[in-house]
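# Inside the fold
Letter by letter, the chains look like this.
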Amino acid sequence: MNAPDHSITSAEVAESPDVTVTDEASVKRAVKATMLGNAMEWFDFGVYAYLATTIGKVFFPEASGTAQLLSTFAIFAAAFVVRPLGGLFFGPLGDRIGRKKVLATTIILMAGSTFAIGLIPSYGSIGLVAPILLVLFRLVQGFSTGGEYGGASTFVAEYAPDKRRGFFASFLEFGTLAGYVAAAGLVTIISTVVSADALVDWAWRIPFLLAGPLGLIGLYLRLRLEETPAFQQMEQAEERSLADESTGRKLRETLVENWRPLVLCVILVATYNIAHYGLLSYMPTYLSNTLGYDESHGLVLMIIVMLIMMVAISFVGKLSDRVGRKPLLLAGFVGFFALSLPAYLLIGVGHYFTVFVGLAMLGGLLLLFVGVFPSVLPALFPTGIRYGGLAIGYNLAVSIFGGTTPLVLTALQDATGSDLVAPMYMMVAAVIGGIAVLLISETARKPLEGSPPAVATDAEARRILKRLRRTKGEASAAPAQETAAADAG
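Note that the structure is predicted; figures quoted are calculated from it, not measured.

### As for the nonpolar core
Judged by nonpolar contacts, the single largest core of 102 residues is most densely connected at Met283, Leu359 and Leu366. No other element matches helix 16 (residues 259–280), which puts 13 residues into this core. If we skip the residues at most four places from it in the chain, Leu366 touches Tyr272, Ala275, His276, Leu279, Leu280, Met309 and Phe336. Formed by 20 residues, the second largest nonpolar core is a distinct cluster that contains Ala30, Leu93, Phe167 and Leu225.

Okay, structure coming up:
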């Protein structure tokens, strides 16, 4: 055991720009606040996906069953179309004025727009104005969400110590799964308790209206947070003012000077989201519309799989801190390529046990992504453009390949008549994603680019500072020795 180094005081550790000592209580507060926002975001999107059939009847009553579903998923996808615009707006803004202010704004917009959807009159009451309002509020949802995930993952990554970043960041996706589980559970309960007519008449509104109080709780938690240590140190080091750093300059720095990590981010997120939305958003519709399962039975199976994923996700994050991020991601992509088709074939057998086994296979593979990506993606970018780079890359990929996945799979299945379109789609994505993983650097247990090492204790900080002093001393001693040798000659 190393003896404490008394030559470096606690005050020197606190004031040193060469190392950051994280406060565990602050890290946990940051995780809770961002996790709740993430949970609310996916609660909103999950409710819409799980009520897709009912929403089609409320807003498109004159269309056929397939047309209703396609129209509903088209509006689901519309929210994703504007997500890159939200990323372009909120991302560079978060790099300029701070992560905390932007995250407070996004949660207000998300909660407000979701709450408003629950108040829209039906098509039978106001005609075409109803679906128009639905599109409008979904666009607001999508725009605000464009700044949510990039900011939340950046916030946690910059708060967490380097050696435990995978563990703490994995709780973001715990929030995602919690949001989906809450949405699926609430929809299942409502569908079971009320009649089919009551569900269409009024009960579908309940989950959307709950977004109001949830948003207020999330806002309260976020307003209590301090700005991230990495952002504060960057501001102090650069001695910037708001006038010195325009949002436009941040945007140019992100798109032009850091195009390579941006492209890799887009590819990784695109391939991951095809698996993500294919399982968590499209699967309930596939079980009910294609395989003829009762909607509540399909959702119960999905809830069980997601609960298992929630229990295991922090262990995956912790494992990535030990063995590295790349091995787990590669295992996930190889698994999706090899097992997607067998999993869907098991699901297609139609027995509850085989359906559960197929879902569990896909859920286990997806777990390798959701437990690791929150710590991988922020590490692709330097601190000065981390929020912007991640928000733009993430939302561009989600817009093109994520939100459109249920729509694309529904349309392809209708056009081809094949029940195996989804696994084929996932297999192609797995090949592309695996190649992208090979091109990124391993970042486990390493400082974020542009930030000093982040540690959990003063003792670790003293060891780092001692090493730095020794290195600097050796570097300064070398020229002195050369000068002395020259004088002696």
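### Here's the deal with helix 8 (residues 129–145)
With 17 residues, helix 8 should cover 24 Å at 1.5 Å per step; its first-to-last C-alpha distance of 24 Å lies within 8% of that length. Where helix 8 is concerned, the buried positions are Ala130, Pro131, Leu134, Arg138, Gln141, Gly142, Ser144 and Thr145. Axial view of helix 8: buried residues confined to an arc of 165°, hence all on one face.

### A few points about a positive patch on the surface
On the surface, Arg463, Lys466, Arg467 and Arg470 cluster together into a patch of positive charge. Using a relative accessible area of 40% as the deciding quantity, one classes Lys466 as partly exposed.

### Regarding the packing of helix 10 (residues 165–193) against helix 16
Closest axis-to-axis distance for the helix 10/helix 16 pair is 12 Å, and the angle between their directions is 25°. Considered as vectors, helix 10 and helix 16 are oriented roughly parallel to each other. Of the two elements, helix 10 crosses helix 16, and the hand of that crossing is right-handed. Residues Glu173, Thr176, Leu177 and Tyr180 of helix 10 pack against Tyr272, His276, Tyr277 and Leu280 of helix 16. Among the residues making up the contact of helix 10 with helix 16, the classes are represented as 5 nonpolar, 2 polar and 1 charged.

### Brief notes about the confidence of the model for the chain
Confidence in the prediction of the chain, expressed as mean pLDDT, is 86, and 92% of residues score 70 or more. Per-element confidence in the chain ranges from a low mean pLDDT of 66 for helix 25 (residues 458–488) to a high of 96 for helix 21 (residues 373–376). The model gives residues 1–5 a pLDDT under 50, and that stretch makes 3 contacts with residues more than four places away or in other chains.

### Brief notes about the packing of helix 9 (residues 148–159) against helix 22 (residues 386–402)
Their axes nearest at 8 Å, the elements helix 9 and helix 22 cross at an angle of 140°. Considering the angle they form, helix 9 stands oblique to helix 22. At the point where helix 9 passes helix 22, the crossing takes the right-handed sense. Side by side, helix 9 and helix 22 meet where Tyr149, Gly150, Gly151, Ser153, Thr154 and Glu158 of the first sit next to Arg386, Tyr387, Leu390, Ala391 and Tyr394 of the second.

### With respect to helix 23 (residues 405–416)
Under the 1.5 Å per step criterion, the end-to-end length of helix 23 is 16 Å for 12 residues, consistent within 8% with the ideal 16 Å. Buried residues of helix 23: Thr405, Pro406, Leu409, Thr410 and Gln413, and no others. In an axial view of helix 23, the angular spread of the buried residues amounts to 125°, which keeps them on one side of the axis. Exposed and oriented more than 90 degrees from the buried face of helix 23 are Asp414 and Ala415. Backbone geometry just downstream of helix 23 places Gly417 in the positive-phi region, at approximately 75°.

### Observations concerning the side chain of Ser113
When you line up the elements, Ser113 lands in helix 6 (residues 99–117). From its side chain, Ser113 meets the backbone oxygen of Leu109 in a polar contact 2.9 Å long. In this view, Ser113 contacts Phe137, Val140 and Gln141; residues no more than four positions away in its chain are not counted.

### Here's the deal with the side chain of Arg222
Counting through the fold element by element, Arg222 comes out in helix 13 (residues 211–223). Residue class for Arg222 comes out buried when judged on its relative accessible area of 2%. Side chain to side chain, Arg222 and Glu148 meet in a polar contact 2.5 Å long. Arg222 has contacts with Ala33, Thr34, Gly37, Asn38, Lys100, Leu103, Thr106, Ile107 and Glu148, leaving out every residue within four places of it along the chain.

### So, the packing of aromatic side chains
Here a ring pair, both rings aromatic, is described through the centre-centre distance and the interplanar angle of the planes. The tally for this structure, following the rule as stated, stands at 16 aromatic pairs. Ring centres of Tyr149 and Tyr394 lie 4.2 Å apart, and the angle between their planes is 15°; this geometry places the pair in the stacked category. Linking Tyr149 in helix 9 with Tyr394 in helix 22, this pair joins segments that are 245 residues apart in sequence. Like Tyr149, the residue Tyr394 is buried in the burial classification. The positively charged end of Arg138 is found above the aromatic ring belonging to Tyr48, 4.5 Å away from the centroid.

### Some remarks on the pattern of salt bridges
The tally for this structure, following the rule as stated, stands at 9 salt bridges. With a shortest N-O distance of 2.4 Å, Asp162 and Arg165 are connected by a salt bridge. In this pair, the class of Asp162 matches that of Arg165, namely buried. Residue Asp321 pairs with Arg325 through a salt bridge whose shortest N-O separation is 2.8 Å. One exposure class covers both Asp321 and Arg325, and it is buried.

### Observations regarding the environment of Phe171
Its location among the elements puts Phe171 in helix 10. By relative accessible area, which is 21% here, Phe171 ends up partly exposed. Sequence spacing of Phe171 and Lys32 is 139 residues, and the spatial spacing of their C-alpha atoms is 8.4 Å.

Calculation criteria
Residues numbered from 1 in each chain as written. Predicted model: local features only at pLDDT ≥ 70, side-chain atom pairs only at ≥ 80, totals over all residues. Heavy atoms only, no water. Core = buried A, V, L, I, M, F, W, Y, C linked by side-chain atoms within 4.5 Å. Buried < 20%, exposed > 50% of the residue type's maximum accessible area, 1.4 Å probe, protein only. Helix = DSSP H or I, 4+ residues; strand = E, 2+ residues; numbered from the N terminus. Contact = heavy atoms within 4.5 Å. Expected span 1.5 Å × (residues − 1). Arc of directions from axis to C-beta. Patch = residues over 30% accessible without salt bridge, like charges linked within 9 Å, V, L, I, M, F, W, Y side chains within 5 Å. Areas by Shrake-Rupley, 256 points an atom, 1.4 Å probe, with all protein chains shown as cover. Salt bridge = Lys/Arg side-chain N within 4 Å of Asp/Glu carboxyl O. Lys, Arg positive; Asp, Glu negative; His and termini not counted. Charge placed at Lys NZ, Arg CZ, Asp CG, Glu CD. Axes fitted to C-alpha atoms, helices over the stretch in contact; angles between N-to-C directions. Parallel < 35°, antiparallel > 145°, perpendicular 65-115°, else oblique. Left-handed = near helix turned anticlockwise from the far one by under 90°. Nonpolar A, V, L, I, M, F, W, Y, C, P; charged D, E, K, R; others polar. pLDDT = per-residue confidence, 0-100. Polar contact = N/O pair within 3.5 Å; in protein donor to acceptor, adjacent residues only side chain to side chain. Phe/Tyr/Trp six-rings, centres within 6.5 Å; stacked < 30°, edge-to-face > 60°. Lys NZ or Arg CZ within 6 Å of the ring centre and 35° of its normal.

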